[in-house]
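# Geometric and topological summary
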Amino acid sequence: MTPQVRSTPELPLVVKMRTRGLSVFYGEKQAVHEVDLEVGVNQVLALIGPSGCGKSTFLRSLNRMNDTVDGVRVLGEVDLDGRPIYGPDVDPVVVRRHVGMVFQRSNPFPKSIFDNVAYGLRIAGMRDKAELALRVEKALRHAALWDEVKDRLFESGLGLSGGQQQRLCIARALAVEPEVLLMDEPASALDPIATARLEDLISELRAELTIVIVTHNMQQAARVSQRTAFFYMGKLVEVGETQRMFTRPKEQATEDYISGRFG
Amino acid sequence: MSDAASSKSSGAARTLDLRRRPRRFERIAEAAIVAVALLSIVSVALILVFVGKEALPVLYSSVVHEEVTPLAMILPREINGHAAYLWQPVSEIPKYNIVPLFLGSLKVTVVALLFAVPTSVAAAVYCAEYASSRMREFLKPAIELMAGVPSVVAGFFALVVLASWIQRAFGTEHRLNAMVAGLGLAFATCPVIFSVSEDALRAVPQSYRTAALALGSTPTQALLRVILPAALPGIGAGVMLGFGRAIGETLIVVLASGNAALVDLNLGHSTRTVTATIAQELGEVVVGSAHYHVLFALGALLFLVTFVVNVITERALHRSRQSLSGSK
Ligand SMILES: Nc1ncnc2c1ncn2[C@@H]1O[C@H](COP(=O)(O)OP(=O)(O)OP(=O)(O)O)[C@@H](O)[C@H]1O
Ligand SMILES: [Mg+2]
């Protein structure tokens with residue numbers, strides 16, 4: 001790490017999502033402690049931190065996937081474009097159509113590649129065959145998978161390789177054109193080549209949407225993200241522009257973690 | 001053994017002993033398992049051979065053909081100017097038309113499945129997807145316990161209670177009829193279909209559920225579009241088993257069907273099934289007579305029907321399982 005003396009002020013953020021005093025409990029156990037965090041539009045925000053520090057829990061509260069887990073309680077506020085997604089009259093199903101999610105283990109449905117990608121559109125009520133085909137192709141191109149699967153769209157998605165399956169899941173999430181995409185360790189089951197492709201893809205997707213990615217790989221965080229947030233024991237320790245976080249962290253804990261001294 | 005031990009103890013110039021070990025116990029256990037498996041296969045095969053041997057004379061024996069030919073067993077006979085399918089084995093002129101019996105079996109089985117499939121699958125969905133874990137722990141064994149109810153009890157219940165209810169509700173012409181027998185059968189079929197379907201639903205990976213919800217499905221959409229389709233091969237297998245149980249069940253239909261070998265599609269009329277016929281007549285028949293061989297032919301045909309249905313569905317299920325998993 002080259003020490004830089006240059007002291008650039010951080011660029012102002014155009015906020016896409018914001019949490020205020022966000023706490024998440026599993027029964028009595030608190031997994032996330034009063035986190036205030038902003039996600040900038042058309043940016044990639046990386047969440048890093050040792051195992052069990054609450055990254056996934058925090059991520060899942062950004063699209064109300066925590067609601068589907070038994071015994072979870074969420075306190076505090078989360079805004080999407082300034083609107084509270086935990087408001088009393090908010091439908092979590094609608095929130096999830098705007099904030100998509102990709103999981104650690106690729107989980108395509110046991111359906112054809114086409115049906116996988118078309119799933120979100122169909123449940124949202126799209127019937128028109130031509131339009132569906134168009135949107136499916138667009139999503140698959142977006143996910144850099146089109147060329148590999150265009151001749152086998154009607155074969156099962158489970159017949160693809162691990163990396164292809166993960167890109168299929170990304171295509172499936174992109175098809176409904178979400179504004180934010182949450183990714184929980186999307187590359188942890190992939191080989192280095194598939195990982196590199198995925199990282200390229202993330203960098204390209206940023207032009208059109210906002211991404212929050214959990215990763216255990218510091219290099220990956222450095223490569224793909226503009227901002228990085230470091231979590232420790234359920235608390236947000238430090239957040240800032242990735243370059244600064246990796247070169248001049250303000251907190252000792254951040255520096256220790258990034259330099260591999262613990263976690 | 002002894003030199004392996006000594007080479008270990010000698011320590012100094014230790015060479016690896018990679019020779020095959022005898023493993024006598026393994027081999028005995030393996031042989032015993034194979035023997036037991038063979039025994040059960042052989043005994044099933046022997047039953048088949050026996051039934052086949054007693055059924056085949058229908059095709060060639062002159063003793064049988066004096067009373068009935070294979071064709072006469074399925075074609076109607078002319079009586080007073082109109083065609084009739086008659087099963088009257090004990091009469092001046094014995095009549096052995098098997099159409100009413102198979103129609104009877106079909107009627108009660110269809111009624112049983114029409115009732116049992118939707119209710120059991122719905123119960124399985126509730127249990128696997130909606131019930132709290134405590135509710136489920138109570139419900140599942142409770143329903144499965146139904147499978148342990150002796151069929152004579154189920155048949156008795158159908159005969160005494162169900163028959164009255166149905167007559168009051170539908171005003172059926174005959175008190176004991178295909179509907180009563182079918183619903184009595186459903187009693188035996190439901191637990192089978194429920195149990196297998198519930199297992200199939202619970203075997204659907206949690207990740208499908210999560211993915212469906214994360215894409216903005218309502219819980220119902222996730223169920224109907226992802227979870228049920230993924231569990232369908234398993235549910236199909238459950239229905240298969242239920243079909244076999246229903247068409248093969250004897251005592252319930254003996255008690256509740258009214259046992260009249262009529263040819264019509266009215267579910268409110270009495271009916272007579274293949275199994276009930278065999279059970280009631282085989283005990284009194286003269287060994288080697290035409291009637292005797294025809295009863296065995298009925299058994300063989302029933303076996304054939306279930307076997308063919310099994311093979312066809314198994315094929316279909318296999319294919320859908322493969323297309324789901326993406327292997328070719
Ligand atoms: N469903 C659950 N029920 C109860 N506790 C949970 C549940 N899920 C997570 N936890 C707990 O909440 C804390 C945070 O878990 P979380 O999965 O968010 O961590 P993480 O940072 O994503 O870890 P990892 O890097 O290993 O994925 C942990 O202590 C974990 O044991
Ligand atoms: Mg995690």
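What counts, and where the lines are drawn
- Residues numbered from 1 in each chain as written.
- Chains lettered and ligands numbered in written order.
- Predicted model: local features only at pLDDT ≥ 70, side-chain atom pairs only at ≥ 80, totals over all residues.
- Heavy atoms only, no water.
- Helix = DSSP H or I, 4+ residues; strand = E, 2+ residues; numbered from the N terminus.
- Expected span 1.5 Å × (residues − 1).
- Bend = angle between axes of the 7 residues up to and from the residue.
- Pairing = 2+ DSSP bridges.
- Axes fitted to C-alpha atoms, helices over the stretch in contact; angles between N-to-C directions.
- Contact = heavy atoms within 4.5 Å.
- Phe/Tyr/Trp six-rings, centres within 6.5 Å; stacked < 30°, edge-to-face > 60°.
- Buried < 20%, exposed > 50% of the residue type's maximum accessible area, 1.4 Å probe, protein only.
- Lys NZ or Arg CZ within 6 Å of the ring centre and 35° of its normal.
- Near = heavy atom within 4 Å.
- Polar contact = N/O pair within 3.5 Å; in protein donor to acceptor, adjacent residues only side chain to side chain.
- Areas by Shrake-Rupley, 256 points an atom, 1.4 Å probe, with all protein chains shown as cover.

Moving on: helix 10 (residues 219-248) of chain B. Here helix 10 of chain B contains 30 residues, and its C-alpha end-to-end distance of 38 Å is more than 12% below the 44 Å for a straight helix at 1.5 Å per residue. For helix 10 of chain B, the principal kink sits at B:Leu232 and spans about 55°; a proline, B:Pro233, occurs within the next four residues.

Residues and elements named next belong to chain A. Reading across the sheet, the four strands line up as 2-1-4-5 and stay open at both edges, with antiparallel pairing between neighbours. With partners counted over all chains shown, the strands left at the sheet margins are strand 2 (29-40) and strand 5 (83-84), one partner each. Pairing between strand 4 (residues 72-80) and strand 5: two bridges, direction antiparallel. By the bridge assignment, Asp-79 is partnered in strand 5 with Pro-84.

What follows is about the sheet that holds strand 7 (residues 180-184) of chain A. Residues and elements named next belong to chain A. Taken in spatial order, the six strands line up as 6-7-8-3-9-10 in an open sheet, and their pairing is mixed. Edge positions in the sheet fall to strand 6 (99-102) and strand 10 (235-241), since each has one partner strand and no second. Averaged over neighbouring strand pairs, the angle between their axes works out to 15° when direction is ignored. As paired elements, strand 9 (residues 227-232) and strand 10 share six bridges and run antiparallel to each other. Residue pairing in the sheet places Tyr-232 in a bridge with Lys-235 of strand 10. Packing of helix 6 (residues 162-175) onto the sheet brings it into contact with strand 6 and strand 7, and relative to strand 6 it is tilted by some 170°.

What follows concerns the packing of aromatic side chains. Counted according to the given criterion, the structure contains 11 aromatic pairs over all chains. On the basis of an interplanar angle of 55° and a centroid distance of 4.9 Å, the ring pair of B:Tyr292 and B:Phe296 is categorised as tilted. On the criterion of helical spacing, the pair formed by B:Tyr292 and B:Phe296 is a turn pair, its members being four residues apart in helix 13 (residues 290-325). Residue classification places B:Phe296 among the buried positions, given a relative accessible area of 12%. Looking at A:Arg73, its charged tip hangs above the ring of A:Phe25, at a distance of 4.5 Å from the centre. Note that A:Arg172 overlies the ring of A:Phe109, its terminal NZ or CZ placed 4.4 Å from the centroid.

Residue and element names in this part refer to chain A. Neighbouring ligand 1 are 13 residues, the closest being Ser-51, Gly-52, Ser-56, Thr-57 and His-216. Note that an oxygen atom of ligand 1 is positioned 2.5 Å from one of the side-chain N or O atoms of Ser-51. A distance of 3.0 Å is found between an oxygen atom of ligand 1 and a backbone nitrogen or oxygen belonging to Gly-54. The fraction of the free accessible surface of ligand 1 (630 Å²) that becomes covered by protein chains is 64%. Looking at the shell around ligand 1, the elements that each hand over two or more residues are strand 2 and helix 1 (55-60). Looking at the shell around ligand 1, the element that brings in the most residues is helix 1, giving three residues.

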